[in-house]
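Letter by letter, the chains look like this.
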Amino acid sequence: MESKNIEYVLPIERDDVEHVDKRKKRKKISVLSVAVVLVILILCVVLSFVGKKSIEGEWELTVNPEVTQATPDEIEDADRVYYIFEKPNQYGNGKWKICYDGGVEYYEYDLIEKDGEELINLGSVDLTYKFTGSKLLGNAKITLVYPEYTDEQTGQTVQAQEYVLEQAKAPDYEKESYDDYEVDDELIGEWATNERTLAYYYYSIPYSQTVSFTDKGVMTIRYESEDLALDRYMYYAYTAKDNKLTFSMVTDKDTKFTVSYKLDENGNLKFNDDTTQNSIFADAFFGDFTFYTPENLPEPSQATIDEAAITE
C-alpha cells in the first residue's frame, strides 16, 4: 500500500487546500483587526490623560514675581507654597485651599469663559491661565496671569505678572507629629474661645480661636474672623505630660514652645504662663482666655461685642 503524508490528524471538512488557506487568512485578519482596535483604544485613553487640561489636583507655586526667591530646587521646605484644587462642578465652581508654613486656608474658585477666553477667579480678579506639560508624565504646569492694572493711589501702571504652579505632592500636615510624643486624654478634642481680639491700627477686631488635639500627636489651631474674611488652620506637633504642653510648627519641629495648662472645676481649659508671641498675629498663642468645648461655648461678652461694633 502506498504511504501518504497525513496533513491533518483531526477530521476537517475541506474542499481543497486553497479553501483552507483562505479561511486561515480571514482568521489572521480578524485577529489583527481586534489587535488594532485595542491599540487604538489604549492610545485614546493615554492621550486623554496626557492632554487632560484640568485644574483639579495638587500644585506647588514655583514662580512668584512678588518675591525674590531661589530656583524651585533650592526653595526650603518651610517656604514652599501649595495649591490644592478640588474638581469643579458642572457650572465651573469649585473649592481650593492653599498650604504653606504649616497652615491651610480655604477658598472657592470660578472657571469662566469670556470673549472666547478661559479665565479663573480665585476670589479677587479674573485671571487668564494656560496648561503645559502632562499630568500623566508628572510635569504639568499652570501659568496664571494677573492682568495689567493702574494703582489708584500712585497712578502708576503695574505690568501683567505671571505665576507658575507645577504639579507636585502637597504635604499632609495632619501626619506631622513628633517621633516620640505623649497625649493627655483630657485634652483630646476641640476647645474654643470667642473672646480674642486683634489690634489693627486704632481698632480691635474680634476673632474666634479653636484648638484641637488628636491622639496622633497633632494640635490644630483654627482662626476665624468675619471682619478679616479669615478661616485659617495652623498645624503643630505636640506632646503633653504633667500638665505641660510642648509644641512646634510642623514645618519647624526644632523650635519648641511650652505652656502649662489645667482644667477648672467646670471642665473648661485654661493655659498658664503663656508668654509665647509667635501666633499668626504675632501675639500669644493662647493668652489669658478660657477655652470651652464647642457645646458649652458661651455668647461673646459685652466687651467683645462693643469692640466689634467699633470696627463696623
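Since we're looking at a predicted model, the values are computed, not measured.

A. Spotlight on the overall build of the protein chain. Along its length, the protein chain carries two helices and 18 strands. A burial count over the protein chain gives 34% of its 312 residues as buried. Restricting to contacts in the protein chain with at least 6 residues of sequence separation, those with at least 24 account for 43%. Carbon and sulfur atoms make up 50% of the accessible area of the protein chain, which totals about 20400 Å².

B. The pairing of strand S14 (residues 230–241), seen in detail. Burial of S14 is extensive: 10 of the 12 residues sit out of reach of the surface. Pairing between strand S4 (residues 103–114) and S14: three bridges, direction antiparallel. Of the residues in S14, the one forming a bridge with Val-104 is Tyr-233. In this sheet, S14 lies alongside strand S13 (residues 218–225) in antiparallel orientation, the contact comprising eight bridges. Across the sheet, the residue bridging to Arg-222 is Tyr-233, located in S14. Hairpin connection from S13 to S14: four residues lie between these consecutive antiparallel strands, with Ala-229 at a positive phi of about 50°.

C. Representation of the packing of aromatic side chains in the model. Applying the stated criterion across every chain, the model contains 23 aromatic pairs. Taking the centre distance of 4.9 Å and the plane angle of 25° together, the rings of Trp-96 and Tyr-107 count as stacked. Note that Trp-96 is positioned in strand S3 (residues 93–100) and Tyr-107 in strand S4, a separation of 11 residues in sequence. Among the residues examined, Trp-96 registers a relative accessible area of 7% and is labelled buried. Joined through ring pairs, the aromatic side chains of Tyr-236, Phe-247, Phe-257, Phe-271, Phe-285, Phe-286 and Phe-291 make up one cluster. It is Arg-232 that lies over the ring of Tyr-100; its NZ or CZ is 4.4 Å from the centre. The positively charged end of Lys-256 is found above the aromatic ring belonging to Tyr-178, 5.0 Å away from the centroid.

D. Layout of the environment of Asp-231. Its location among the elements puts Asp-231 in strand S14. Judged by relative accessible area, Asp-231 falls into the partly exposed class, the value being 25%. Sequence separation between Asp-231 and Tyr-107 is 124 residues; the distance between their C-alpha atoms is 8.9 Å. Other than its neighbours up to four places away in sequence, Asp-231 contacts Val-104, Glu-105, Tyr-106, Arg-222, Tyr-223 and Glu-224. A distance of 2.9 Å separates the side chain of Asp-231 from the side chain of Arg-222, its partner in a polar contact.

E. Examining the side chain of Thr-246 more closely. Relative to the assigned elements, Thr-246 resides in strand S15 (residues 244–249). Separated by 3.0 Å, the side chains of Thr-246 and Thr-258 make a polar contact. Those residues in contact with Thr-246 that sit more than four places away from it in its chain are Tyr-178, Ala-237, Tyr-238, Thr-239, Lys-256, Phe-257 and Thr-258.

F. Geometry of the pattern of salt bridges. One pass over the structure, following the stated rule, counts 12 salt bridges. One salt-bridge network, held together by shared partners, links Arg-222, Glu-224 and Asp-231.

G. The pairing of strand S11 (residues 189–200), seen in detail. Pairing analysis gives 10 bridges linking S11 to strand S12 (residues 203–213), with the strands arranged antiparallel. Among the inter-strand pairings, Thr-197 is bridged to a residue of S12, identified as Pro-206. Following S11, the chain reverses through two residues before pairing antiparallel with S12; Tyr-201 in that reversal takes a positive phi of roughly 55°.

H. Up close: a nonpolar patch on the surface. Taken together, the side chains of Tyr-200, Tyr-201, Tyr-202 and Tyr-203 make up a nonpolar region of the molecular surface, amounting to roughly 610 Å² of accessible area. Here Tyr-201 lies in the loop between S11 and S12.

I. Focus on a negative patch on the surface. Together, Glu-76, Asp-79, Asp-101, Asp-252 and Asp-254 make up a region of like negative charge exposed at the surface. Within the fold, Glu-76 resides in the loop between strand S1 (57–63) and strand S2 (81–85).

J. Local environment of the nonpolar core. Phe-213, Met-219, Leu-245, Phe-247, Phe-271 and Phe-286 are the most contacted members of the largest nonpolar core, which totals 27 residues. Of all elements in the fold, only S11, S12, S13, S14, S15, strand S16 (252–263) and strand S17 (269–272) reach the threshold of two or more residues within this core. Discounting chain neighbours no more than four positions away, the residues touching Leu-245 are Phe-213, Met-219, Tyr-238, Thr-239, Phe-257, Thr-258, Val-259, Tyr-261, Phe-271 and Phe-286. With 19 residues, the next largest nonpolar core counts Ile-120, Leu-122, Phe-131 and Leu-165 among its residues.

K. Molecular detail of unusual backbone geometry. Phi is positive for Asp-115, close to 55°, though the residue is something other than glycine. As for its placement among the helices and strands, Asp-115 is situated in the loop between S4 and strand S5 (117–121). At Ala-282, a residue that is not glycine, the phi angle is positive and equals roughly 60°. By the secondary structure assignment, Ala-282 is in the loop between S17 and strand S18 (290–291). Judged by relative accessible area, which is 54%, Ala-282 ranks as exposed.

The rules behind the values
Residues numbered from 1 in each chain as written. Predicted model: local features only at pLDDT ≥ 70, side-chain atom pairs only at ≥ 80, totals over all residues. Heavy atoms only, no water. Helix = DSSP H or I, 4+ residues; strand = E, 2+ residues; numbered from the N terminus. Buried < 20%, exposed > 50% of the residue type's maximum accessible area, 1.4 Å probe, protein only. Contact = heavy atoms within 4.5 Å. Areas by Shrake-Rupley, 256 points an atom, 1.4 Å probe, with all protein chains shown as cover. Pairing = 2+ DSSP bridges. Phe/Tyr/Trp six-rings, centres within 6.5 Å; stacked < 30°, edge-to-face > 60°. Lys NZ or Arg CZ within 6 Å of the ring centre and 35° of its normal. Polar contact = N/O pair within 3.5 Å; in protein donor to acceptor, adjacent residues only side chain to side chain. Salt bridge = Lys/Arg side-chain N within 4 Å of Asp/Glu carboxyl O. Patch = residues over 30% accessible without salt bridge, like charges linked within 9 Å, V, L, I, M, F, W, Y side chains within 5 Å. Lys, Arg positive; Asp, Glu negative; His and termini not counted. Charge placed at Lys NZ, Arg CZ, Asp CG, Glu CD. Core = buried A, V, L, I, M, F, W, Y, C linked by side-chain atoms within 4.5 Å.

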